[in-house]
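# Secondary and tertiary structure notes
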Amino acid sequence: MQVQRRLQLLCKLQARAFSCAPASSSSPSSRLEAHYDRLLKNSCDDASALKQIHSSLTTRGLITQDPHLSAQVIIRYSKYGHPDHARSLFDGITARCERPDSFLWNTMVRAYANNGYCADTLELYALMRRGGVLPNNYTFPFVLKACASDSEPLARGWEVVHGETIKTGFDSDMYVEAALVDAYAKRQQISYARKVFDGMMQRDLVCWTTMVTAYEQAEQPQESLMLFCRMQREESLSPDPVAVVSVASAVGQVGDLKSAKSVHAYAIQNGILRDICVGNSVVAMYTKCGNVEYARMAFDRMEERDKISWNSMLSGYVQNGQANEALLLFEQMQDSGCQPNPVTALIMVSACAFLGSRHLGKKIHDYILKNEMKVDITLQNALIDMYSKCGNLETASKMFYEIHPKERDVSSWNVLISAYGMHGRGEEALNLYMQMQEKGVAPNHITFTSILSACSHAGLINEGRKCFADMSKLSVKPEVKHYACMVDMLGRAGLLDEAFDLIKSMPASPNDGVWGALLLACRVHGNSELGEIAANNLFQIEPEHPGYYVLLSNIYAASRRWQEVGKLRENMKTRGLSKPAAFSVIEYGQGTIGFHTADQLNPYRGEVYRHMERLVVEMKMRGYLPDRSCVLHDVEDEDKDHILNYHSEKLAVAFGLMRTDPESAITVSKNLRICNDCHSTFKFLSDIYQRWIVVRDANRFHHFQAGSCSCKDYW
Ligand SMILES: [Zn+2]
Ligand SMILES: [Zn+2]
């Protein structure tokens, strides 16, 4: 943006330089020429008016005589997006000229560069050089702008141009140097950009900002921040919104709240927070630092808001797991009169996917259709993902097949593979994986994450091993997350030693995902020895994560090692950690109802508790045995049963059995992993009451029907 503004300034400077030059002193001398000059300046509003003036100038023979007028026509053709017309005029003039003027060449170079005709700009530049016309400080910035566009065939032209700035001595002109910095930065050759920057005798705000932005774009936020501080220290430059936008984004990348506050304070002190772009970037910066409250405060204090402001706040909520807040804000956005756009729709679709609510998902989809929003492939893929995460795999799959095969991209396939995987339908996921390759779509790293976890959820060990081997065949380098999927798959199947061997063979160091998968597998298969190894690694990586302590104490509890359980609980207490509160939500009527474990505040509490107790009696008559290993505390068995009965997901399902239409499915989402005892309870209940119970937990979907679960007890 800023570079663009500066190039515009250069255009004006050049025009001024030209009108002072001796060649031009005679140009609009005659009254006729002055008349055309006025006509071009005042009465030429579009391309068709321009064409008329152009043809009149040609008829009178003025167009080739007066370089000033012809340059004006070229500039206007460029402005109206017709550099091709400009070029034929230019060719006509240069063919007649003996000593072509660099002014006209520069005008044409600019016409191409400003219209994004990069290859043509470079070609014209080469022609200019061959014709013996000397480039100058008005030529290079525009040629370099063309070079900056990231297209491989231009790479060679680029080196030549840089060489010629040096040869002609213009490499020490501040505008040319700044263009070099910008071009190197845009070509992602950041160290070269810095070299030119460091060599500059004089730097203005644009140069500093270009370099600060370059680091931010190259995801080197620390460098960006350091340079911004240096700029404030060394130069007495007036604060610049563009630089603040870049720095705010850099801080967002680092995720450092302290720096975020100082950037915010800087913007306030220098009075540039009124700039809407700065305001938006501050909101986005806070959400990326994980502080939605500050983001909301900055958002609420904005004097003016545009779509971007609303969208950044909405996506901030979704990214930070506050989808409900996003829904509320979405209502406010509509009330404020700000029309949601496809970006808003995309954010809201992912909010509904996060909440897993069929009702809300359908509502947002209807909203998109009703408002005739443009549904591009990204939004389409997000909708498929949402329907699958709301438990509606049929609609998800139908939508996938409704996309024209040519329009489906790799993400469309990935979304559907992952959908089948989450619903435990590994065979279908594998089928899609084969199909996509037959259709010539190359799987990427996300495809492999999806297919490996699909195999893992369905217990398809050999198939999973094969897919993992496919990765190197298809030149997709296995990343840590793929190892985590493999460990998860082997671990769930009880192949704990093989999983551990795989971890030991990893080229990179294993992360929390890898050890977490092993720990979970150890919990399922009751292996406390490996469980301790996994947990100790996890305690080092993430000492403040309560989930790992809970899992390890589950392992100890299962083998009745109460002393260790006690020690762990002590350890958690001293660290101020508590088990994340379990929470389940059931779809009911037009909305949802939430239950905490042993919920004391829920208005339905009394009837739900009583109903649950009746259900347990009924299940026990059919052979249900409570799985007491799911209780953490060292308490009497009868108490354990009592605690088990009030797990949040059980309360939600009991409510569903009481209150929902017997023909409909009971749909529950839980924030944590479903426990063994609840899992077996739902199998019994689905059989006794002939109900379809769908539970989405932190990992996947469980469809309980006629006494069994779609996960085949494998999760
Ligand atoms: Zn449970
Ligand atoms: Zn299941």
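Residues numbered from 1 in each chain as written. Chains lettered and ligands numbered in written order. Predicted model: local features only at pLDDT ≥ 70, side-chain atom pairs only at ≥ 80, totals over all residues. Heavy atoms only, no water.

### Focus: the overall build of the chain
Heads up, the condition is: Think of it this way: any DSSP run of H or I at least four residues long counts as a helix, any run of E at least two long counts as a strand, and we number them from the N terminus. Burial classification: accessible surface area is computed with a 1.4 Å probe over protein chains only, and a residue below 20% of its type maximum counts as buried, one above 50% as exposed, and the rest as partly exposed. Whether two residues are in contact is decided by their heavy atoms, any of which lying within 4.5 Å being enough.
The helix and strand inventory of the chain stands at 38 helices and six strands. Each principal axis of the C-alpha atoms in the chain carries an extent, and together these give about 110 × 55 × 50 Å. Per-residue burial over the chain gives 50% buried out of 715 residues. Taking as baseline every contact in the chain between residues at least 6 positions apart, the subset at least 24 positions apart corresponds to 63%.

### So, the coordination of the zinc ion (ligand 1)
The criterion, for reference: Excluding water, the donors of a metal are its N, O and S neighbours within 2.8 Å, or within 3.2 Å for Na, K and Ca, and that exclusion means sites may look incomplete.
Taken together, His 647 (ND1), Cys 675 (SG) and Cys 678 (SG) make up the full set of protein donors to the zinc ion (ligand 1), lying 2.0 to 2.2 Å away. Counting the intervening residues between successive donors of the zinc ion (ligand 1) yields the motif H-x27-C-x2-C. Here His 647 is found in the loop between helix H36 (637–645) and helix H37 (648–659), whereas its partner Cys 675 is found in the loop between strand S3 (666–670) and helix H38 (676–688), with 28 residues between them in sequence. Overall, His 647 belongs to the buried group, its relative accessible area being 12%. A relative accessible area of 13% places Cys 675 in the buried class.

### Digging into the packing of helix H11 (residues 174–186) against helix H12 (residues 190–199)
To keep things clear, this is the line we draw: Orientation is described by axes fitted as lines to C-alpha atoms, over the contacting stretch for helices, and by angles from 0 to 180 degrees between their N-to-C directions. Here is the rule for angles: anything less than 35 degrees is roughly parallel, anything more than 145 is roughly antiparallel, 65 through 115 is roughly perpendicular, and the remaining ranges are oblique. Left-handed describes a crossing in which the near helix is turned anticlockwise from the far one by less than a right angle; the clockwise case is right-handed.
At their nearest, the axes of H11 and H12 sit 7 Å apart, and the two run at 165° to each other. One finds that H11 runs roughly antiparallel with respect to H12. For H11 against H12, the interelement crossing comes out left-handed. Note on element contacts: H12 touches H11 through Ile 190, Tyr 192, Ala 193, Val 196, Phe 197 and Gly 199, opposite Glu 177, Leu 180, Val 181, Tyr 184 and Ala 185.

### With respect to the environment of Val 524
Inspection of the secondary structure assignment puts Val 524 in helix H31 (residues 512–525). As a C-alpha pair, Val 524 and Ala 493 span 31 residues in sequence and 9.8 Å in three-dimensional space. Sequence-distant contacts of Val 524, that is, excluding residues within four places in its chain, are made with Arg 673 and Trp 715.

### Thoughts on the sheet that holds S3
Going by this rule: Pairs of strands are assigned from DSSP output, requiring at least two bridges between the strands.
The strand order S2-S1-S3-S4-S5-S6 describes an open sheet built from six strands, whose pairing is mixed. Here the strands that pair on one side only, and so sit at the sheet edges, are strand S2 (591–596) and strand S6 (708–709). Judged from the two bridges that link them, strand S5 (residues 701–705) and S6 form a sheet pairing that is antiparallel. When the sheet's bridge partners are listed, Phe 704 is paired in S6 with Cys 709.

### Brief notes about the pairing of S3
Of all five residues in S3, five are buried; the element is thus mostly enclosed. Side chains of S3 alternate between two faces, with Ile 666, Val 668 and Lys 670 and Thr 667 and Ser 669 buried alike. In the sheet, strand S1 (residues 583–588) pairs with S3 via three bridges, with the strands oriented antiparallel. Residue pairing for S3: Ile 586 is matched across the bridge by Val 668. Here four bridges tie S3 to strand S4 (residues 693–696), and the two strands are oriented parallel to one another.

### A word on the packing of helix H14 (residues 221–234) against helix H15 (residues 241–254)
Applicable threshold: In this classification, the charged set is Asp, Glu, Lys and Arg, the nonpolar set is Ala, Val, Leu, Ile, Met, Phe, Trp, Tyr, Cys and Pro, and all remaining amino acids, among them Gly, are polar.
The geometry of H14 relative to H15 is characterised by a closest axis approach of 8 Å and an angle of 140° between their N-to-C directions. With respect to H15, the element H14 is oriented oblique. Here H14 runs over H15; the crossing is left-handed. Side by side, H14 and H15 meet where Pro 221, Gln 222, Ser 224, Leu 225, Phe 228 and Met 231 of the first sit next to Ala 243, Val 244, Val 247, Ala 250, Val 251, Gln 253 and Val 254 of the second. Residues that form the contact of H14 with H15 fall into these classes: ten nonpolar, three polar and no charged.

### Some thoughts on the coordination of the zinc ion (ligand 2)
Here is the rule we go by: By the criteria applied here, four donors are tetrahedral when all angles lie between 85 and 135 degrees, four are square planar and six octahedral when opposite donors are over 155 degrees apart and every other angle lies between 65 and 115, and any other arrangement is irregular.
Note on the zinc ion (ligand 2): its protein donors are His 679 (NE2), His 702 (ND1), Cys 709 (SG) and Cys 711 (SG). The metal-donor distances range over 2.0 to 2.2 Å. Its four donor atoms give the zinc ion (ligand 2) angles of 101 to 116° at the centre, a pattern that matches the tetrahedral case. Binding-site remark: the zinc ion (ligand 2) is held by donors from one chain whose sequence spacing is H-x22-H-x6-C-x1-C. Cys 711 shares its class with Cys 709; the two are buried.

### Focus on unusual backbone geometry
Trans is the common state for peptide bonds, and a negative phi is the common state for residues other than glycine. Positive phi is not limited to glycine here, since Gln 188 has a value of about 60°. Relative to the helices and strands, Gln 188 is located in the loop between H11 and H12. The backbone phi angle of Glu 372 is positive, close to 50°, even though this residue is not glycine. By the element assignment, Glu 372 lies in the loop between helix H22 (358–370) and helix H23 (377–389).

### Some remarks on the nonpolar core
The cut-off we apply is this: Note on terminology: a nonpolar core comprises buried Ala, Val, Leu, Ile, Met, Phe, Trp, Tyr and Cys residues joined through side-chain atoms within 4.5 Å.
Counting residues in each nonpolar core, the largest one holds 183 residues, and the members touching the most others are Leu 144, Met 211, Met 386 and Leu 518. Ranked by residue count, the leading element in this core is H11, at nine residues. Counting residues in hydrophobic clusters, the runner-up holds 33 residues, among them Tyr 624, Tyr 646, Val 668 and Leu 685.

### Quick word on the side chain of Arg 76
Applicable threshold: We score Asp and Glu as negative and Lys and Arg as positive, and we do not count His or the chain ends. Basic side-chain nitrogens of Lys or Arg form a salt bridge, by our definition, when they fall within 4 Å of a carboxyl oxygen of Asp or Glu. We define a polar contact as two N or O atoms separated by no more than 3.5 Å, with the added condition that, inside protein, one atom must be a possible hydrogen donor and the other a possible acceptor, whereas residues neighbouring each other in sequence contribute only through side-chain atom pairs.
Relative to the helices and strands, Arg 76 resides in helix H5 (residues 67–79). Despite being buried, Arg 76 has no salt bridge partner; Asp 37 is the closest side chain of opposite charge, sitting 7.2 Å away. At a separation of 2.9 Å, a polar atom in the side chain of Arg 76 contacts the side chain of Gln 72. Beyond its immediate chain neighbours, meaning those up to four positions away, Arg 76 contacts Leu 40, Lys 41, Cys 44 and Leu 50.

From the geometry alone we can't say anything about function, so treat these as descriptive.
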